[in-house]
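Close look at the chain arrangement
So the chains spell out like this:
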Amino acid sequence: MNESTLPPSSRRQFIKSTGQIAAASALAGVTIPYVHAAGSDQLQIALVGCGGRGTGAAGNAMSQSGPPKLVAMADVFQHRLDGSFNTLKKQFKDQVDVSDDRKFIGFDAYQKAMDCLKKGDIAIFTTPLAFRWVHFKYAIEKGLNVFMEKPLTADGPTSRRMLKLADEASAKKLKVGVGLMSRHSKALQELHKRVQDGEIGDITLMRGYRMQGPIGSAFSTAWPGQPNELLWQISRFHSFLWLSGGGFSDFNIHHIDHLCWMKNAWPVRAQGIGGRHYRNSPDGKPYVDQNFDSYSVEYTFEDGTKLYMDGRGMTGALPIYSSYAHGTKGMAIVSKANDCGRPSSTFRSQSPRSESLIWKSKDNKDDVDDPYFNEWETLIEAIRNDKPYNEVPRGIAASVTTSMGRMAAHTAQEITYDEFLNSTHEYSPNTDKLTMDSPSPLPAGPDGKYPMPEPGVKKREY
Ligand SMILES: NC(=O)c1ccc[n+]([C@@H]2O[C@H](COP(=O)([O-])OP(=O)(O)OC[C@H]3O[C@@H](n4cnc5c(N)ncnc54)[C@H](O)[C@@H]3O)[C@@H](O)[C@H]2O)c1
């Protein structure tokens, strides 16, 4: 029994075990007509970046009808690749057809894994974002379709590069999905339609909150000396702006993306505040990473509408993880909890009072609507039916919007969308040349610390 024929509860269990919120799709067993350009019925997949999300994305891919096969894997750490392989093999059995000679380790592993595919197959990019443009460029050369995780970029030069690459991909009729899965939530799709139809009037204010305890690898104490500094930074990528855009970009992009979608626009400028209140770990060691622990960014749209995004990683502080849109006739709960959690709802009032409820989507317990599954269903349908499909321009808009807010808070300046997109500071100019022995593009100072933003003092983030 392969994974696509497993009962929904088993699929849910798989996704849970790989760290993703999920439920199964009712369409899991439906066969879609297959017009894969390469002339074979079997879509093959190479996974580049075999961590939590990579394992989840490969599972989402193999849960589609067809079903696709995983044939190659690439990582810079053997233990990450092995862990991912074992998890996927246990669940997907023969769909995981990755012999030892198709498991690759190193900074060139992505090329070797993609070399195992034929034109029209799919490469999954789930490394930290610094490597996105490098991997995408090679996939386009090889004629491969791509699924890549968010965020896509952390600086202006790579954002412009990715937009060019996106044009090249579209010219070659390649299909590209981006892991901003909110847009594939059926609940949010219905909410979006209702908002466009005027249910809450014209949007005037939006609010996103991701406030919780310290998460991911955002806060780091000093490099312990091994593995080498480059590999250690990669294993703690949320700590470093060159790798991830830091906690602000990595954690807040989903709310920023889906709120901008509700407005059908991207903000033109941002200003914000932020700071690092706690400088030592609970066991008293100094933190060395580049993040603030609190951010509040005010985005402004062309028509004056505001979007406020608050992010906090702090033990003991009030946790809020949800998003809202307010209009001239009422309000909407966009994400009730987490990145895009249901139920979404609309109200005739400016606060969510039950007596003014207009509409509420189904709850997780009443329905299955897994945006992580849905985003793959849409991508594979586009591949099989050769429909134009490229989510990169939108993924870049969301990444640039998120980064300009982060930069505004880090510099204490107003930053416009165009200024950020056209900025010249590339955080890791030679990412394509890194090897296992390379020094990190961001070496620690003599005190073991990495350059921090200094709002009001430094014009650059660091
Ligand atoms: N859409 C979502 O909800 C969601 C959820 C989690 C993570 N993500 C995104 O997915 C990406 C990965 O996050 P994660 O949580 O899986 O991290 P992770 O650390 O668990 O996995 C990343 C993997 O990539 C490997 N890697 C790093 N550089 C590499 C390179 N140059 N070549 C090959 N392999 C390399 C790492 O060794 C690691 O195994 C991030 O961009 C993150 O923002 C998205």
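None of the values given here were measured: they were computed from a predicted structure.

For the ligand, the set of nearby residues contains 26 residues, the closest of which are Arg53, Asp75, Arg80, Asp250 and Tyr372. Arg53 is positioned with one of its backbone polar atoms (N or O) 2.8 Å from an oxygen atom of the ligand. Within the side chain of Glu149, an N or O atom sits 2.9 Å from a nitrogen atom of the ligand. With the chains in place, 91% of the 850 Å² that the ligand exposes on its own is no longer accessible. With respect to the pocket detection grid, the ligand is positioned in the largest pocket. Broken down by secondary-structure element, the contributors of at least two residues to the shell around the ligand are α2 (52-62) and α10 (246-263). Of the residues contributing to the shell around the ligand, the split by class is 11 nonpolar, 8 polar and 7 charged.

Between side chains of opposite charge, a pair can form when the charged atoms approach closely. Following the criterion strictly, the structure yields 28 salt bridges and no others. Of the charged contacts, one joins Asp108 and Lys112 as a salt bridge, the two residues approaching to 3.5 Å between their closest N and O atoms. A relative accessible area of 37% places Lys112 in the partly exposed class. Here Asp289 ties to Arg276 by a salt bridge, and the two come within 2.7 Å at their closest N and O atoms. Pair noted here: Asp289 is in the loop between β8 (269-275) and β9 (294-300) and Arg276 is in the loop between β8 and β9, with a separation of 13 residues, a long-range link. In this structure Arg276 comes out as buried when scored by relative accessible area, which is 10%. Put simply, Arg53, Glu149 and Glu375 are held in one network by salt bridges that share partners.

So, on to unusual backbone geometry. Cis geometry marks the peptide bond from Gln226 to Pro227; its omega dihedral reads -5°. For Pro227, the location among the structural elements is in the loop between β7 (203-212) and α8 (229-235). Residue Pro343 is reached from Arg342 by a cis peptide bond, and omega for that bond is 0°. Relative to the helices and strands, Pro343 resides in the loop between β12 (331-335) and β13 (345-347). Phi at Lys173 takes a positive value of approximately 60°, unusual for a residue other than glycine. Structurally, Lys173 can be placed in the loop between α6 (156-171) and β6 (176-178). Judged by its relative accessible area of 55%, Lys173 falls in the exposed class.

What follows is about the sheet that holds strand β1 (residues 44-48). Taken in spatial order, the 6 strands make up an open sheet running β3-β2-β1-β4-β5-β6, and their pairing is parallel. Two strands close off the open sheet at either side, each with one partner strand: β3 (103-105) and β6. Direction aside, neighbouring strands of the sheet carry axes that sit 15° apart on average. In this sheet, β6 lies alongside strand β5 (residues 145-148) in parallel orientation, the contact comprising 3 bridges. Following the sheet pairing, Met148 is matched in β6 by Val178. Sitting on the sheet, helix α11 (residues 371-384) is in contact with β4 (122-125), β5 and β6, with an inclination near 170° to β5.

On to α10. Given 3.6 residues per turn, any residue in an α-helix points the same way as the ones three and four places further on. Given a rise of 1.5 Å per residue, 18 residues ought to cover 26 Å, and the 26 Å separating the end C-alpha atoms of α10 matches this to within 8%. At Asn252, α10 is deflected by roughly 55°, the largest bend along its length. Buried residues dominate α10, accounting for 18 of its 18 residues. Where α10 terminates, the next one or two residues include Asn264, which has phi positive at roughly 60°.

The next subject is the pairing of β9. Of all 7 residues in β9, 6 are buried, a share of seventy percent or more. In the sheet, β8 pairs with β9 via 7 bridges, with the strands oriented antiparallel. Of the residues in β9, the one forming a bridge with Ala270 is Tyr299. In terms of strand pairing, β9 meets strand β10 (residues 306-313) through 7 bridges, oriented antiparallel. Within β10, the residue paired with Thr300 across the bridge is Lys306.

Our focus in this paragraph is the nonpolar core. In a soluble, globular protein the nonpolar side chains are often hidden away together inside. Ranked by internal contacts, the top residues of the largest apolar core, which has 73 residues, are Phe125, Phe136, Met148, Met162, Tyr299 and Val392. Not counting residues within four places of it along the chain, the set of residues in contact with Met162 comprises Arg132, Trp133, Phe136, Met148, Leu152, Thr153, Val392 and Ile396.

It is worth spelling out the layout of surface pockets at this point. Taken as a whole, the largest pocket encloses approximately 1100 Å³ of empty space. Contributing to the lining of the largest pocket are 50 residues, with Gly52, Arg53, Thr126, Phe237 and His238 lying nearest its centre. Breaking the lining of the largest pocket down by element, the ones donating at least two residues are α2, β2 (69-75), α3 (78-92), α4 (109-115), α5 (132-142), α8, α9 (241-244) and α10. Of the residues assigned to the lining of the largest pocket, the class counts are 21 nonpolar, 20 polar and 9 charged.

Close contact between α6 and helix α12 (residues 392-411) brings their axes to 9 Å; oriented N to C, the two are set at 170°. One way to sum up the angle between α6 and α12 is to call them roughly antiparallel. Contacts between α6 and α12 involve Ser159, Met162, Leu163 and Ala166 from the first element and Val392, Pro393, Ile396 and Val400 from the second. Across the contact of α6 with α12, the residue classes tally to 7 nonpolar, 1 polar and no charged.

Each regular strand displays side chains that alternate between the two surfaces of the sheet. One ladder, built from 8 bridges, connects β7 with β10; its direction is parallel. Each bridged residue has a counterpart across the sheet, and for Gln212 the counterpart in β10 is Gly313. Remark: 5 residues form the turn of the hairpin made by β9 and β10, two consecutive strands paired antiparallel; Gly304 in that turn has positive phi of roughly 95°.

Procedures and definitions
Residues numbered from 1 in each chain as written. Predicted model: local features only at pLDDT ≥ 70, side-chain atom pairs only at ≥ 80, totals over all residues. Heavy atoms only, no water. Near = heavy atom within 4 Å. Polar contact = N/O pair within 3.5 Å; in protein donor to acceptor, adjacent residues only side chain to side chain. Areas by Shrake-Rupley, 256 points an atom, 1.4 Å probe, with all protein chains shown as cover. 1 Å grid on protein atoms, 1.4 Å probe; cavity = no way out; pocket = protein on both sides within 12 Å on 5 of 7 lines; lining within 4 Å. Sits in = over half its atoms within 2 Å of the grid points. Helix = DSSP H or I, 4+ residues; strand = E, 2+ residues; numbered from the N terminus. Nonpolar A, V, L, I, M, F, W, Y, C, P; charged D, E, K, R; others polar. Salt bridge = Lys/Arg side-chain N within 4 Å of Asp/Glu carboxyl O. Buried < 20%, exposed > 50% of the residue type's maximum accessible area, 1.4 Å probe, protein only. Pairing = 2+ DSSP bridges. Axes fitted to C-alpha atoms, helices over the stretch in contact; angles between N-to-C directions. Contact = heavy atoms within 4.5 Å. Expected span 1.5 Å × (residues − 1). Bend = angle between axes of the 7 residues up to and from the residue. Core = buried A, V, L, I, M, F, W, Y, C linked by side-chain atoms within 4.5 Å. Points joined across faces, edges and corners; volume = space filled by probe spheres on them. Parallel < 35°, antiparallel > 145°, perpendicular 65-115°, else oblique.

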